[in-house]
Amino acid sequence: MAEPATGDGRILRAVNLFYEENPFPGFDPNKYRTREDLDRQASWWAHKLDAEIPFDADVLDAGCGTGQLACFLGLKGRRVMGVDYSQHSLDLAATVRDRLHLDTVHFQRENLLELSLPDRSFDYVFCNGVLHHTSDPYGGFKDLVRITRPGGFVIIGLYNKFGRLMLHVRRRVVRLQMKFDKNARDKALEKQLVKLEDDSEKRRTWWADQYEHPHESVHTVDETLDWFRRNGVKYVSSFPKAELFSSSEVEKIFRPRRSNRLFSSRAAHLLVQLAWIVTQNGGGGYYVMVGQRTE
Ligand SMILES: C[S@@+](CC[C@H](N)C(=O)[O-])C[C@H]1O[C@@H](n2cnc3c(N)ncnc32)[C@H](O)[C@@H]1O
């Protein structure tokens, strides 16, 4: 695949080199020997998606990394396509797919900023933790909307400008601690919200992803809502909740959230995101916005 010769190509190359060395979320392939293994190790979020997405849906995981989500969603026969620019990640994904005979799951090498996929071809388009590692997050988003069917959903996971603040501080502190304490790295990893268990490969790639990444950008709730508005996408929900005074109960992912206008205003979003400085710091300030294409 030809790489862009522009300055933007430098980011693509640096990020790609990084993921060829640190496929994400790396895993020990021996842990995925059966379909039950895949089911057991899927996150609560993946299980929630599985409960809400119809089995006959066309699903895209854009920037699928090592493909666990794509394979998991394919367990019940959904047609799932996973695309990524890292060949190493795609090879790992295909190993699990082939071993478990997931015939409706396909992987393909693609640059998210130059997708070759046809217009209006997917009902659910996921892009988890990818756009903020590209040179043009908004351009990438627009293309994801292009390939979503009207009525279909676009699900975008990004680093939040506020929620990620503490990680920037922690990076400096941990680097300093590492000079004196050989366990400083492990202690920092324990503070992540994700379960890293005893999978050393998963721990290694998480560390690299959070502490050694060559390129990342940060975004806000209203910036994402603006992307939605400009591209005929209706806001459905967000995780964590972006609305002020919302209940802590986890609601359905694809059911439009009702909220008082005041509690979902820009000012309300700002207050909520300020709280994320503390509450989302363990997860690196990651937030997910769900939208539905209307036209
Ligand atoms: C943090 S990982 C996320 C993987 C997966 N979505 C997840 O949530 O576990 C970011 C992924 O984006 C991919 N990526 C980064 N830039 C890309 C681009 N321009 N085109 C396609 N994939 C890209 C990387 O190769 C990597 O696998």
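Everything below is about the structure shown above.
Residues numbered from 1 in each chain as written. Predicted model: local features only at pLDDT ≥ 70, side-chain atom pairs only at ≥ 80, totals over all residues. Heavy atoms only, no water.

Chemist: I'd like a description of the pairing of strand β3 (residues 105-109), backed by residues and values.
Modeler: Sheet analysis places strand β2 (residues 79-84) next to β3, joined by five bridges and oriented parallel. Residue pairing in the sheet places Val83 in a bridge with Gln108 of β3. As a crossover connection, the stretch from β2 through helix α5 (residues 87-99) into β3 is right-handed. (Pairing = 2+ DSSP bridges. Helix = DSSP H or I, 4+ residues; strand = E, 2+ residues; numbered from the N terminus. Right-handed = clockwise from strand over helix to strand, strands pointing away.)

Chemist: Give a detailed account of unusual backbone geometry, specifying residues and quantitative values.
Modeler: Residues Phe24 and Pro25 are joined by a peptide bond in cis, for which omega reads -15°. Within the element layout of this structure, Pro25 appears in the loop between α1 (7-21) and α2 (35-41). For the bond from Phe239 to Pro240, the omega torsion is -5°, close enough to zero to count as cis. One can find Pro240 in the loop between β6 (233-239) and α11 (266-279). Positive phi, normally seen in glycine, also occurs at His101, with a value near 50°.

Chemist: Would you mind going over the sheet that holds β6 in detail, with residue names and values included?
Modeler: Pairing is mixed in the open sheet, where seven strands are placed in the order β3-β2-β1-β4-β5-β7-β6. Single-partner strands in this sheet number two, and they are β3 and β6. Within this sheet the neighbouring strands show an average axis-to-axis angle of 20°, counted without direction. Of the pairings in the sheet, the one linking strand β1 (residues 58-62) to strand β4 (residues 122-128) comprises three bridges and is parallel in character. What sits directly across from Leu60, in β4, is Val125. Its contacts with the sheet put α5 on β2 and β3, and the angle it makes with β3 is roughly 165°. Packing against the sheet, helix α10 (residues 221-230) makes contact with β5 (148-159), β6 and β7 (286-293), and its axis sits at approximately 20° to β7. (Axes fitted to C-alpha atoms, helices over the stretch in contact; angles between N-to-C directions. Contact = heavy atoms within 4.5 Å.)

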